[in-house]
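# Tertiary structure, described
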Amino acid sequence: MFLRPRSFALVLVGIATLTACSKKDADPAPEETTVVAAPAPPAVPRMVSMDLGRAVDSTRRIVGGVTTMFGTRDTIYLSVQTENTAAGAEVSARWSTATGQRVDSTAQAVANGAAAAAAVTEFHLIKAAPWPVGAYRVEVFLDGTSQGIKAFSIKP
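Residues numbered from 1 in each chain as written. Predicted model: local features only at pLDDT ≥ 70, side-chain atom pairs only at ≥ 80, totals over all residues. Heavy atoms only, no water.

With that settled, the discussion passes to the pairing of strand β4 (residues 90-97). By the criterion of burial, β4 is predominantly enclosed, with six of the eight residues buried. Where β4 meets strand β5 (residues 102-109), seven bridges bridge the pair, whose relative direction is antiparallel. What sits directly across from V91, in β5, is Q108. Connecting β4 to the antiparallel partner β5 that follows it, the hairpin turn spans four residues, and G100 within it adopts a positive phi of roughly 100°. Looking at chain direction, β4 and strand β7 (residues 134-142) are connected through seven bridges and run antiparallel. Bridge pairing links S92 to F141 in β7. (Buried < 20%, exposed > 50% of the residue type's maximum accessible area, 1.4 Å probe, protein only. Helix = DSSP H or I, 4+ residues; strand = E, 2+ residues; numbered from the N terminus. Pairing = 2+ DSSP bridges.)

The structure is reproduced here in structure tokens:
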């Protein structure tokens, strides 16, 4: 069986196309690149925890149990753990009734007065007369930015 010249030419073009498509060019040598890791973003100062209790130890942490219920004659301790704080960072506590009436407000430099991966700062509230029974709250700030609120109550 003989092909006409035109058909023969089409067959040759088809074979050439298939051969060209199936041929893989040699991959060029990969360029050598140097990867430089981006610097880690600075650690963000933040409050890790805030605990209430009736006593603290020498590390300013609550001992004898964390609680949110106090008696009318209790001293109320607040232990605030922060991390990534800069030297001179300020932690403050704003104590108020559940209706928003301010009871006390205290601020102090982060414990140890220096930059710290983790630091614990202690606040306490003492009242000469018995505490009025009711609901209260304390809000913690780190350099003026609210970090959280903890509710507590005074029971008879």
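Across the sheet, five strands lie side by side as β2-β8-β7-β4-β5; this open sheet has mixed pairing. Only two strands of the sheet have a single neighbouring strand rather than two, namely β2 (69-71) and β5. Strand-to-strand twist of the sheet, defined as the mean angle between neighbouring strand axes without regard to direction, takes the value 25°. (Axes fitted to C-alpha atoms, helices over the stretch in contact; angles between N-to-C directions.)

In the structure shown here, the tally under the stated rule is two salt bridges. For R54, the salt bridge is made with D74, and the minimal N-O distance between the two is 2.9 Å. Of this pair, R54 sits in the loop between β1 (46-53) and β2 while D74 sits in the loop between β2 and β3 (76-85); the two residues are 20 residues apart in sequence, bridging distant segments of the chain. (Salt bridge = Lys/Arg side-chain N within 4 Å of Asp/Glu carboxyl O.)

L52, I76, L78, V80, W95, V138 and F152 are the most contacted members of the largest nonpolar core, which totals 22 residues. Of all the elements in the fold, those that place two or more residues in this core are β1, β3, β4, β6 (116-125), β7 and β8 (145-155). The element contributing the most residues to this core is β7, with four residues. Among residues more than four places away in sequence, those in contact with I76 are L52, G53, F70, W95, F123, H124, L125, W131, F152 and I154. (Core = buried A, V, L, I, M, F, W, Y, C linked by side-chain atoms within 4.5 Å. Contact = heavy atoms within 4.5 Å.)

This brings us to unusual backbone geometry. The backbone of R60 sits at a positive phi, close to 70°, despite the residue not being glycine. By secondary structure assignment, the location of R60 is in the loop between β1 and β2. Judged by its relative accessible area of 30%, R60 falls in the partly exposed class. Unusually for a residue other than glycine, D143 sits at a positive phi of about 50°. Within the element layout of this structure, D143 appears in the loop between β7 and β8.

The next subject is the packing of aromatic side chains. Considering all chains together, one arrives at four aromatic pairs under this definition. Measuring from ring centre to ring centre gives 5.9 Å for W95 and F152, while their planes differ by 80°; the resulting arrangement is edge-to-face. Here W95, found in strand β4, pairs with F152, found in strand β8; they are 57 residues apart in sequence, far enough to count as distant. The class of F152 is buried, set by a relative accessible area of 6%. Plain terms: the ring middles of W131 and Y136 are 6.0 Å apart, the flat faces sit at 75° to each other, and that makes the pair edge-to-face. Accessibility expressed as a relative area gives 6% for W131, which makes it buried. The exposure class assigned to Y136 is buried, which follows from its relative accessible area of 8%. The rings of F70, W95, W131, Y136 and F152 are connected pair by pair, giving a single aromatic cluster. (Phe/Tyr/Trp six-rings, centres within 6.5 Å; stacked < 30°, edge-to-face > 60°.)

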